[in-house]
Amino acid sequence: MGAPSALPLLLLLACCWAPGGANLSQDDSQPWTSDETVVAGGTVVLKCQVKDHEDSSLQWSNPAQQTLYFGEKRALRDNRIQLVKSTPHELSISISNVALADEGEYTCSIFTMPVRTAKSLVTVLGIPQKPVISGYKSSLREKDTTTLSCQSSGSKPAAQLTWRKGDQELHGESTRIQEDPNGKTFTVSSSVTFQVTREDDGADIVCSVNHESLKGADRSTAQRIEVLYTPTAKIRPDPPHPREGQKLLLHCEGRGNPVPQQYVWEKEGSVPPLKMAQESALIFPFLNKSDSGTYGCTATSNMGSYKAYYTLNVNDPSPVPSSSSTYHAIIGGIVAFIVFLLLILLIFLGHYLIRHKGTYLTHEAKGSDDAPDADTAIINAEGGQSGGDDKKEYFI
């Protein structure tokens, strides 16, 4: 019987001696807060709450143990610190334009017996500066290898740097971290090495800084590079299907950096070159069959030269069906269809008139059979003074 009677006493002792010294029966008088993270230059709100204030006021103190507010009364002359809410159960204050020096542990106290406190750790994030790219000095030649460096200061905690070329990610070296002289923020740096091609001419090499204080906002710097490369060329005829008697222009379209500045035309089997000039077009005012052959265009710049070829076949002067002739054919077809419809209409109309004309003549003939003969007349005459009432018929 002794063991069961001791169990309630053991449970009571376990509750009173809980880990951390918490007295569960007196938690209502213990204030509570929360840790806060704020970006430098922003505003943080510190909230302290208590369920049972025991007729005492709440108080906020900074990491240097300076009282900021005691209830609704301001204790520290700092216009950045403002009262948000003051009741017997809550004391909330705000700190605007937060600086790195404001980071630390803030204390909320309630002066009961004994005094109870709660801590709020304020973490201030240092915003990284816009990254700076160095290492690019002048134009690069195709297949050259170059190294660019990127640096950003002022981040807390240390930021990360990434590289990309247009939409393509570049794998640079790992971000290097160095503490700033203020002992609170960091300077980060990174380098990337790559070989350039002609497709990289005019490309942007971008260094971006990633940090939680940016909240997803882009903070990057771009360096546009110029790549010098040998020219290329192709020949384009105008018109595309030349015929005898037409005017023809052969355009030598050169591309490169720098762009080709000289074009030399030649025809296989013909000496000397046909044309040497800055203009890229070879003109045939009036094509002949003798103009057929293979033509070459050499485009030259400071980086080198490139030769393109085109085989010219002069076709017969017979016209090639064009869009205008097709248009005329369509119009002719429409006109023929309309004429055909008109002929059908005339045929039906003529047939209709013939049928109704015959019906009219038939009715006219029947009417003439019922009438008196045209050569017969019946003349009725009354007798005169001597003839009395007798009637006489005369046939003519």
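Keep in mind it's a predicted model, so treat the numbers as computed, not measured.

About the criteria used
- Residues numbered from 1 in each chain as written.
- Predicted model: local features only at pLDDT ≥ 70, side-chain atom pairs only at ≥ 80, totals over all residues.
- Heavy atoms only, no water.
- Disulfide = S-S within 2.5 Å.
- Helix = DSSP H or I, 4+ residues; strand = E, 2+ residues; numbered from the N terminus.
- Core = buried A, V, L, I, M, F, W, Y, C linked by side-chain atoms within 4.5 Å.
- Buried < 20%, exposed > 50% of the residue type's maximum accessible area, 1.4 Å probe, protein only.
- Pairing = 2+ DSSP bridges.
- Axes fitted to C-alpha atoms, helices over the stretch in contact; angles between N-to-C directions.
- Contact = heavy atoms within 4.5 Å.
- pLDDT = per-residue confidence, 0-100.
- Phe/Tyr/Trp six-rings, centres within 6.5 Å; stacked < 30°, edge-to-face > 60°.
- Salt bridge = Lys/Arg side-chain N within 4 Å of Asp/Glu carboxyl O.

Draft legend 1. Fine view of the state of the cysteines. Throughout the structure, instances matching the rule amount to three disulfides. Paired through a disulfide, Cys252 and Cys297 show a sulfur-sulfur distance of 2.0 Å. Sign of the S-S torsion, about -95 degrees for the bond between Cys252 and Cys297, identifies this disulfide as left-handed. You can see Cys252 sitting in strand 20 (residues 248–257) and its partner Cys297 sitting in strand 24 (residues 293–301), a full 45 residues away along the chain. Once the bonded cysteines of the chain are numbered in order along the sequence, the disulfide links fall as 1-2, 3-4, 5-6.

Draft legend 2. Looking closely at the nonpolar core. Within the largest apolar cluster, 20 residues are counted, with the highest numbers of intra-cluster contacts made by Leu46, Leu58, Trp60, Ile93, Ile95 and Tyr106. Going through the elements one at a time, strand 2 (44–49), strand 3 (58–61), strand 4 (67–70), strand 7 (90–95), strand 8 (104–110) and strand 9 (116–125) are the ones with two or more residues in this core. Core analysis: the second largest hydrophobic core is formed by 18 residues, Ala159, Val192, Cys207 and Ile225 among them.

Draft legend 3. Broad picture of the sheet that holds strand 12 (residues 145–155). Strand order in the open sheet made by the four strands is 10-12-16-15, with antiparallel pairing throughout. Edge positions in the open sheet fall to strand 10 (132–134) and strand 15 (176–179), since each of these has one partner strand only. The average angle at which neighbouring strand axes cross in this sheet is 20 degrees, direction not considered. Pairing of strand 12 with strand 16 (residues 186–195) involves nine bridges; the strand directions are antiparallel. Following the sheet pairing, Thr147 is matched in strand 16 by Thr193.

Draft legend 4. View of the environment of Gln129. Mapped onto the secondary structure, Gln129 falls in the loop between strand 9 and strand 10. Considered as a pair, Gln129 and Ser220 are 91 residues apart in the sequence and their alpha carbons are 9.6 Å apart. When residues no more than four places from it in sequence are discounted, the contact partners of Gln129 are Ser152, Ser153, Val209 and Arg219.

Draft legend 5. Representation of the confidence of the model for the chain in the model. In the predicted model, the chain carries a mean pLDDT of 84, and 81% of its residues have values of at least 70. Within the model, pLDDT remains below 50 along residues 1–25, and this stretch shows three contacts once partners closer than five positions in the same chain are excluded. Predicted confidence is poor over residues 365–396, with pLDDT under 50, and the contacts of this stretch with residues over four places away or in other chains come to 16 contacts.

Draft legend 6. Broad picture of the sheet that holds strand 2. Taking strand neighbours across the sheet as the criterion, the three strands line up as 2-7-6 in an open arrangement whose pairing is antiparallel. In the strand order of this sheet, the two ends are held by strand 2 and strand 6 (81–87), each with one partner. Within this sheet the neighbouring strands show an average axis-to-axis angle of 15 degrees, counted without direction. Note that strand 2 and strand 7 share six bridges and pair antiparallel. Its bridge partner lying in strand 7, Gln49 is registered against Glu90.

Draft legend 7. Inspection of the packing of aromatic side chains at higher detail. Evaluated as defined, the whole model comprises two aromatic pairs. When the ring of Phe70 is compared with that of Phe111, the centres are 6.0 Å apart and the planes differ by 55 degrees; the resulting orientation is tilted. Within this pair, whereas Phe70 is found in strand 4, its partner Phe111 is found in the loop between strand 8 and strand 9, the two being separated by 41 residues in sequence. Plain terms: the ring middles of Phe284 and Tyr295 are 5.5 Å apart, the flat faces sit at 85 degrees to each other, and that makes the pair edge-to-face. Residue Phe284 is located in strand 23 (residues 281–284), and its partner Tyr295 is located in strand 24; the two are separated by eleven residues in the primary sequence. Overall, Tyr295 belongs to the buried group, its relative accessible area being 2%.

Draft legend 8. Region of interest: the pairing of strand 12. Pairing of strand 10 with strand 12 involves three bridges; the strand directions are antiparallel. Along strand 12, the bridge assignment pairs Ile133 with Cys150.

Draft legend 9. Examining the pattern of salt bridges more closely. For the structure on display, the rule yields eleven salt bridges. Between Arg80 and Asp102 there is a salt bridge; the shortest N-O distance is 2.7 Å. Here the residue Arg80 occupies a position in the loop between strand 5 (73–74) and strand 6, and Asp102 occupies one in the loop between strand 7 and strand 8, the gap between them amounting to 22 residues. Overall, Arg80 belongs to the partly exposed group, its relative accessible area being 23%. We classify Asp102 as buried; its relative accessible area is 13%. Arg176 is the partner of Glu173 in a salt bridge, and the nearest nitrogen-oxygen pair spans 1.6 Å. One salt-bridge network, held together by shared partners, links Asp78, Arg80 and Asp102.

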